[in-house]
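# Descriptive structure summary
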Amino acid sequence: MTFKKLTYEQTETIDIAEKVGQVTEGTLLGSRPVDFGKKEDGSPDIRYIVEMQGPLGPGDLFSFWANTAIKNSLPQIPVGSRVRLTFRGMEKNQKTGRKFNAYDIEVDDGEIPV
């Protein structure tokens, strides 16, 4: 039996909620659960990996932590689609009263599944 060493590309984790109106755009390459940073219910936090066309430059890879809105939206978008996230600021959940980071989540309309 022989073993082959696997390699992977480390991605830079960026803050997609630095200022209201901040736009993060790129090609969705996938997601991965992360063992640290588990939620209160024990589920893992998820980090999305995107190829950037913006501040980091074309072809640069970055990742970001997903909140509930992102976790509910991005799995519906096929890998390889162009996505844009716009930070709207902090909003208050009407049911729980908890504050959260709010985003407009958009996908290139030529890539929306029918």
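Since we're looking at a predicted model, the values are computed, not measured.

### Topic: the overall build of the chain
Counting its regular elements, the chain contains one helix and six strands. Counting only residues that meet the buried cut, the chain has 31% of its 114 residues in that class. Here the contacts in the chain between residues at least 6 apart in sequence split such that 50% fall between residues at least 24 apart. For the chain, the computed accessible surface area is about 8000 Å², with 51% contributed by carbon and sulfur atoms.

### So, the nonpolar core
For soluble globular proteins, nonpolar side chains are generally found buried alongside one another. By size, the foremost hydrophobic cluster in this structure holds 15 residues, and its most contacted members are Ile16, Tyr48, Phe64, Ile70, Leu74 and Tyr103. Of all elements in the fold, only β4 (60–65) and β5 (82–92) reach the threshold of two or more residues within this core. No other element matches β5, which puts three residues into this core. Other than its neighbours up to four places away in sequence, Tyr48 contacts Leu28, Gly30, Ser31, Phe62, Ser63, Phe64, Ala66, Ile70, Lys71, Leu74 and Pro75.

### Looking at the environment of Glu91
Within the secondary structure, Glu91 sits in strand β5. With a relative accessible area of 29%, Glu91 lands in the partly exposed category. For the pair Glu91 and Asn101, spaced ten residues apart in the sequence, the C-alpha separation amounts to 6.4 Å. Among all residues touching Glu91, those that are not within four sequence positions of it are Arg98, Lys99, Phe100 and Ala102. Within polar-contact distance, the side chain of Glu91 engages the side chain of Arg88 at 3.1 Å.

### Details of the pairing of β5
Note that β5 and strand β6 (residues 99–107) share nine bridges and pair antiparallel. In the sheet register, Phe87 faces β6, and the bridge partner there is Tyr103.

### Concerning the pattern of salt bridges
Under the definition given, this model contains five salt bridges. Measuring nitrogen to oxygen at the nearest pair gives 3.1 Å for the salt bridge that ties Arg88 to Glu91. Arg88 sits in the partly exposed class, given a relative accessible area of 37%. Put simply, Glu25, Arg82, Arg84 and Glu106 are held in one network by salt bridges that share partners.

### Comments concerning the environment of Glu25
Relative to the assigned elements, Glu25 resides in strand β2 (residues 23–34). Among the residues examined, Glu25 registers a relative accessible area of 29% and is labelled partly exposed. For Glu25 and Arg84, which are 59 residues apart along the polypeptide, the C-alpha to C-alpha distance reads 4.3 Å. In terms of polar contacts, Glu25 uses its side chain to reach the side chain of Arg82, at 3.1 Å.

### Digging into the environment of Glu18
Among the structural elements, Glu18 can be located in the loop between β1 (12–13) and β2. With 69 residues separating them in the primary sequence, Glu18 and Phe87 have C-alpha atoms 8.2 Å apart.

What counts and how
- Sequence order as written defines the numbering, with residues in each chain counted from 1.
- Local features in a predicted model are, by the rule used here, given only for residues with pLDDT of at least 70; side-chain atom pairs are given and counted only at 80 or more, and totals for whole chains, interfaces and linings are based on all residues.
- Excluded from the side-chain calculation are hydrogens and water; included are all heavy atoms of the structure.
- Helical segments are the DSSP runs of H or I of at least four residues, strand segments are the runs of E of at least two, and each set is numbered from the N terminus.
- Only protein chains enter the accessibility calculation, which uses a 1.4 Å probe; a residue is then buried when its area is under 20% of its type maximum, exposed when over 50%, and partly exposed in between.
- What makes two residues a contact is simply this: any of their non-hydrogen atoms within 4.5 Å.
- Accessible areas in this description were obtained via Shrake-Rupley with a 1.4 Å probe; residue shielding takes into account the shown protein chains only.
- By nonpolar core is meant a set of buried Ala, Val, Leu, Ile, Met, Phe, Trp, Tyr and Cys residues that side-chain atoms within 4.5 Å join together.
- Polar contact is defined as a pair of N or O atoms within 3.5 Å, subject to the rule that within protein one atom must be able to donate a hydrogen and the other to accept it, and that residues adjacent in sequence are counted only when both atoms are side-chain atoms.
- Two strands qualify as a pair provided that DSSP identifies no fewer than 2 bridges between them.
- A side-chain nitrogen of Lys or Arg and a carboxyl oxygen of Asp or Glu constitute a salt bridge if their distance falls within 4 Å.

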